[in-house]
Amino acid sequence: MFFFQSVLLALGLLLINGYSAFSATFRYTSATTETIYTEGETTINGVTYDGTFINSIFDPFAMMFRQFSGLFSITDGSLGEAVAVAAVQTNPIDRTLLGEEGIARTEYLADLQDVALIPGAITLPEGLSEFDFKFIPAPVAGTPTVLAQGWSVEKVSEPGAVVAIGFLGGLLMMGKG
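Once a new chain begins, its residue numbering starts again from 1 and follows that chain's sequence as written. In keeping with the predicted nature of the model, local features appear solely for residues at pLDDT of at least 70, side-chain atom pairs appear and are counted solely at 80 or more, and the whole-chain, interface and lining totals rest on all residues. With hydrogens and water stripped out, all remaining heavy atoms of the structure feed into the side-chain values.

K.L.:
What is the right way to look at the overall build of the protein in this model?
P.N.:
A count of helical and extended segments in the protein gives two helices and 10 strands. Listed by position from the N terminus, the elements making up the protein come as α-β-β-β-β-β-β-β-β-β-β-α. Think of it in three bands: with a 1.4 Å probe and only protein chains considered, a residue is buried below 20% of the maximum accessible area for its type, exposed above 50%, and partly exposed in between. By residue count, 35% of the 177 residues in the protein fall in the buried class. A contact between two residues is defined here by any heavy atoms of the two lying within 4.5 Å. Sequence-distant contacts in the protein: of pairs separated by 6 or more residues, those separated by 24 or more amount to 43%. To be clear on the numbers: accessible area is Shrake-Rupley with a 1.4 Å probe, and residue cover counts the displayed protein chains and nothing else. Of the roughly 10300 Å² that the protein leaves accessible, carbon and sulfur atoms contribute 62%. Working definition: helices are DSSP H or I runs of at least four residues, strands are E runs of at least two. Numbering for both runs from the N terminus.

K.L.:
Looking at this model, I keep getting lost on the packing of aromatic side chains. Mind explaining?
P.N.:
Given two aromatic rings, one states the distance between the centres and the angle between the planes to describe the pair. The aromatic pairing rule takes the rings of Phe, Tyr and Trp, using the six-membered ring of Trp, and pairs them if the centres are within 6.5 Å, calling planes under 30 degrees apart stacked, those over 60 edge-to-face and the rest tilted. For the structure on display, the rule yields seven aromatic pairs. Centroid distance Tyr37 to Phe72: 5.1 Å. Interplanar angle 80 degrees. Geometry classified as edge-to-face. Here Tyr37, found in strand 2 (residues 33–44), pairs with Phe72, found in strand 4 (residues 64–77); they are 35 residues apart in sequence, far enough to count as distant. The same class applies to Tyr37 as to Phe72, namely buried. On the basis of an interplanar angle of 90 degrees and a centroid distance of 6.3 Å, the ring pair of Tyr37 and Tyr108 is categorised as edge-to-face. Pair noted here: Tyr37 is in strand 2 and Tyr108 is in strand 6 (residues 103–114), with a separation of 71 residues, a long-range link. For Tyr37, a relative accessible area of 2% puts it in the buried group. Cluster of aromatic residues (ring-pair linked, three or more members): Tyr28, Tyr37, Phe72, Tyr108, Phe133 and Trp151.

K.L.:
Please clarify how the environment of Val115 should be interpreted in this entry.
P.N.:
Mapping Val115 onto the fold places it in the loop between strand 6 and strand 7 (122–123). Residue Val115 is classed as buried on the basis of its relative accessible area, which comes to 11%. C-alpha separation for the pair Val115 and Glu130, spaced 15 residues apart in sequence, amounts to 5.4 Å. Those residues in contact with Val115, other than ones at most four positions away along the chain, are Thr123, Leu128, Ser129, Glu130, Phe131 and Leu147.

K.L.:
What exactly am I supposed to notice about the pattern of salt bridges here?
P.N.:
Opposite charge on two side chains allows them to pair when their charged atoms are near. Each reported salt bridge corresponds to a side-chain nitrogen of Lys or Arg within 4 Å of a carboxyl oxygen of Asp or Glu. A full pass over the atoms with the stated rule returns four salt bridges. In this structure, the salt-bridge partner of Glu154 is Arg27, at a minimum N-O distance of 3.0 Å. Of the two residues, Glu154 is situated in strand 10 (residues 152–156) and Arg27 in strand 1 (residues 25–29); the sequence distance between them amounts to 127 residues. By relative accessible area, which is 42% here, Glu154 ends up partly exposed. Overall, the relative accessible area of 23% leaves Arg27 in the partly exposed class. Glu100 is the salt-bridge partner of Arg105, the closest N and O atoms lying 2.1 Å from each other. Judged by relative accessible area, which is 32%, Arg105 ranks as partly exposed.

Honestly, that's just the spatial picture; any functional story needs more than this.
What follows is the structure, encoded as structure tokens:
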């Protein structure tokens, strides 16, 4: 019985580690947004994306957070560190067929930049003179660049790993009974 449990445990660890090697999930947080990026190559309408995102962004005009989700492609850097992404919203409005008009750009910069270099930018919070986070809404949104200072990133545990561990734990418990 011990051999059977050891084999199951080893198989489970391989599955979990294999899953993590192919995808990862990161939560990026700034003063105005919280976005969860999950790696996982996806092709829609002939365009291949690097993964999916769920974004909550503060709307200063409505004084509330709004949630969007969709697909993203990394344009510079890599997830888990300073990165630039091009994203297309699929929910609540699907913009995948709008081409470049449907693309929003987000940059989590490694170094602070001077706000004066971005003409017509909205700065959040007020009085901001330097920033290291930049969000450019899709052109169809018709709004200027949103800037903020101070972003952080953390790796989020994989839901698949949690399910695999639960499944393996159940098998091990059944083996003891």
